[in-house]
Amino acid sequence: MLFSLLFSLALTICTEITVSISAGIRSLKDLLLICTTQILTNPPVVFFAIRIAALNNIELYWFYIFIIETSIIPIEGYIYKKYLTNKSINPYRLSALNNITSYGIGVLLGLIS
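Residues numbered from 1 in each chain as written. Predicted model: local features only at pLDDT ≥ 70, side-chain atom pairs only at ≥ 80, totals over all residues. Heavy atoms only, no water.

Draft legend 1. How the structure looks around the overall build of the protein chain. Broken down by element type, the protein chain carries four helices and zero strands. For the protein chain, the N- to C-terminal ordering of α and β elements is α-α-α-α. Here the C-alpha radius of gyration of the protein chain, 14 Å, is about what a compact globule of 113 residues would show, namely 13 Å. By principal-axis analysis of the C-alpha atoms, the protein chain measures approximately 45 × 25 × 20 Å. Counting every position in the protein chain, which comprises 113 residues, the buried fraction comes to 36%. A separation of at least 24 residues holds for 63% of the contacts in the protein chain among residues at least 6 apart in sequence. (Helix = DSSP H or I, 4+ residues; strand = E, 2+ residues; numbered from the N terminus. Rg over C-alpha atoms; globule rule 2.2 N^0.38 Å. Buried < 20%, exposed > 50% of the residue type's maximum accessible area, 1.4 Å probe, protein only. Contact = heavy atoms within 4.5 Å.)

Here it is, written out as structure tokens:
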């Protein structure tokens, strides 16, 4: 499980940094904030997703994923709103863009593995 948590975190950070740079975030301070936010939010989400998947209840799993992923967007958006120095992009839109992209890549990787 530790490998899954670390792999997911590394992949999420790489994806979200790439998306953020594409969205116009250039400051090292802002990019470090995005990394730090992922270090705080990603492991609990992945941990609970792994635990729910172990129940072998696909409906419960997808319900959980929907609830937790949509809950993370405003949490991360608030952190970005409070601490990002780049004010050219809406922090909640940045959070949504990052989360939708990283989740989509995770789903694709899950399908091919």
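Draft legend 2. Here's a closer look at the environment of W62. Mapped onto the elements of the fold, W62 is located in helix α3 (residues 58-83). Considering only alpha carbons, one finds W62 and A49, 13 residues apart in sequence, at a separation of 9.3 Å.

Draft legend 3. Focus on helix α2 (residues 28-53). A rise of 1.5 Å per residue sets the reference length of α2, with its 26 residues, at 38 Å; its end C-alpha atoms lie 36 Å apart and thus fit the reference within 8%. Along α2, the sharpest change in direction is near 30 degrees and occurs at T41; proline P43 comes one to four residues later. One side-chain oxygen of the residue at the start of α2 lies 3.2 Å from the amide nitrogen of K29, identifying that residue as S27. (Expected span 1.5 Å × (residues − 1). Bend = angle between axes of the 7 residues up to and from the residue. Polar contact = N/O pair within 3.5 Å; in protein donor to acceptor, adjacent residues only side chain to side chain.)

Draft legend 4. Expanded view of unusual backbone geometry. Despite not being glycine, N56 has its phi angle at roughly 55 degrees, a positive value. Checked against the element boundaries, N56 lands in the loop between α2 and α3. Residue classification places N56 among the exposed positions, given a relative accessible area of 71%.

Draft legend 5. Fine view of the packing of α3 against helix α4 (residues 91-112). Contact pair α3 / α4: the axes reach a minimum separation of 7 Å and the direction vectors enclose 145 degrees. α4 is crossed by α3, and the crossing has right-handed handedness. The residues of α4 that touch α3, namely those facing W62, I65, E69, I72, I73, P74, E76, G77, Y78, Y80 and K81, are P91, Y92, L94, S95, A96, N98, N99 and Y103. The residue inventory of the contact of α3 with α4, partitioned by class, reads 12 nonpolar, four polar and three charged. (Axes fitted to C-alpha atoms, helices over the stretch in contact; angles between N-to-C directions. Left-handed = near helix turned anticlockwise from the far one by under 90°. Nonpolar A, V, L, I, M, F, W, Y, C, P; charged D, E, K, R; others polar.)

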